[in-house]
Amino acid sequence: DAGITQSPRHKVTETGTPVTLRCHQTENHRYMYWYRQDPGHGLRLIHYSYGVKDTDKGEVSDGYSVSRSKTEDFLLTLESATSSQTSVYFCATSGPGGLGNEQFFGPGTRLTVL
Amino acid sequence: QKEVEQDPGPLSVPEGAIVSLNCTYSNSAFQYFMWYRQYSRKGPELLMYTYSSGNKEDGRFTAQVDKSSKYISLFIRDSQPSDSATYLCAMRSDNYGQNFVFGPGTRLSVLP
């Protein structure tokens, strides 16, 4: 398995509070992604990064921001959490030379916004 | 209409059965097709990757892509209880950059 860790693994927070999720990889992969997974919707891309300080929006980016200051870390921030952001969040990475067709996923973070 | 459709199941089969999992899609620009397996409370793991149309076999797994019908399939032969998981199809187009589109997943149970 690719060395991808996510922290925290579980979090309960209240509406309006800021939340930051962390993804850490030890594979030196160029691409990193944040997805959310909800019943009936599958995995939906929030943001992705194609290098340090290089990020772009995905399908469901509203209400989320990201930062990547080091190759190994990709942070997802909910500036002001809402109940609609209750979900399971997955980080993924893919290798430096590829088009990202082989993605390796982290274990996920369960976020509950009350 | 969702861009990628997949029967959510659950699909229950006896051990040893041949399993057929399917996805349909609407965007003819998709060129790269993938199947992921996801165990409960785990991240998805890549099972099969296919470029454009055709078949690909890997052990008990066979992936088929029919671009003319916008239809992809994953077949599992001699299914085992350890195959019980949710199976996600995913696809990508060069036109979309790094954006992958996933189906909602089919939950499979293989009964001993």
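Residues numbered from 1 in each chain as written. Chains lettered and ligands numbered in written order. Predicted model: local features only at pLDDT ≥ 70, side-chain atom pairs only at ≥ 80, totals over all residues. Heavy atoms only, no water.

1. Comments concerning the packing of aromatic side chains
Reasoning step 1: In this structure the tally under the stated criterion is 15 aromatic pairs over all chains.
Reasoning step 2: Note on Tyr35 of chain A and Phe102 of chain B: the rings are 5.4 Å apart at their centroids and 85° apart in plane angle, and the pair reads as edge-to-face. Separated into two different chains, Tyr35 of chain A in strand E4 (residues 31-38) and Phe102 of chain B in strand E10 (residues 100-102) make up a pair that spans both. Note on accessibility: Tyr35 of chain A and Phe102 of chain B belong to one class, buried.
Reasoning step 3: With a centroid separation of 6.3 Å and an interplanar angle of 85°, the aromatic rings of Phe105 of chain A and Phe102 of chain B are classed as edge-to-face. Note that Phe105 of chain A is positioned in strand E10 (residues 104-105) and Phe102 of chain B in strand E10, a pairing that runs across two chains. Here the two residues Phe105 of chain A and Phe102 of chain B agree in accessibility, since each one is buried. (Phe/Tyr/Trp six-rings, centres within 6.5 Å; stacked < 30°, edge-to-face > 60°. Helix = DSSP H or I, 4+ residues; strand = E, 2+ residues; numbered from the N terminus. Buried < 20%, exposed > 50% of the residue type's maximum accessible area, 1.4 Å probe, protein only.)

2. A few points about the interface of chain B and chain A
Where interface size is quoted, it is often the accessible area lost as the parts come together.
Reasoning step 1: Taken together, the contact pairs 20 residues of chain B with 23 residues of chain A.
Reasoning step 2: Between chain B and chain A, roughly 1,700 Å² of surface is buried when both sides are summed, and carbon and sulfur atoms account for 49% of that area.
Reasoning step 3: On the surface where chain B and chain A come into contact, there are zero salt bridges.
Reasoning step 4: Here chain B and chain A share one residue pair in polar contact (both at pLDDT 80 or more) between them.
Reasoning step 5: Counting only elements with at least two residues in the side of chain B that touches chain A, the list comes to strand E4 (32-38), strand E5 (45-51), strand E9 (85-92) and E10 of chain B.
Reasoning step 6: For the side of chain B that touches chain A, the element with the highest residue contribution is E4 of chain B, accounting for four residues.
Reasoning step 7: Its residues assigned to classes, the side of chain B that touches chain A comprises ten nonpolar, five polar and five charged. (Contact = heavy atoms within 4.5 Å. Buried area = accessible area lost by both parts, 1.4 Å probe. Salt bridge = Lys/Arg side-chain N within 4 Å of Asp/Glu carboxyl O. Polar contact = N/O pair within 3.5 Å; in protein donor to acceptor, adjacent residues only side chain to side chain. Nonpolar A, V, L, I, M, F, W, Y, C, P; charged D, E, K, R; others polar.)

3. Considerations on the sheet that holds strand E7 (residues 64-70) of chain A
Residue and element names in this part refer to chain A.
Reasoning step 1: What the four strands build is an open sheet, ordered E1-E3-E8-E7; its pairing is antiparallel. Edge positions in the sheet fall to strand E1 (4-7) and E7, since each has one partner strand and no second. Averaged over all neighbouring strand pairs, the angle between strand axes comes to 20°, with direction disregarded.
Reasoning step 2: Bridge count between E1 and strand E3 (residues 19-25): four bridges; the pairing is antiparallel. Bridging across to E3, Ile4 finds its partner in Gln25. (Pairing = 2+ DSSP bridges. Axes fitted to C-alpha atoms, helices over the stretch in contact; angles between N-to-C directions.)

4. What to know about the environment of Asp66 of chain B
Residues and elements named next belong to chain B.
Reasoning step 1: Structurally, Asp66 can be placed in strand E7 (residues 61-66).
Reasoning step 2: In this structure, the C-alpha to C-alpha distance between Asp66 and Gly54, residues twelve residues apart in sequence, is 6.8 Å.
Reasoning step 3: With residues up to four places along the chain from it excluded, the contact list for Asp66 reads Tyr25, Ser53 and Tyr71.

Distances and angles like these do not, on their own, reveal function.
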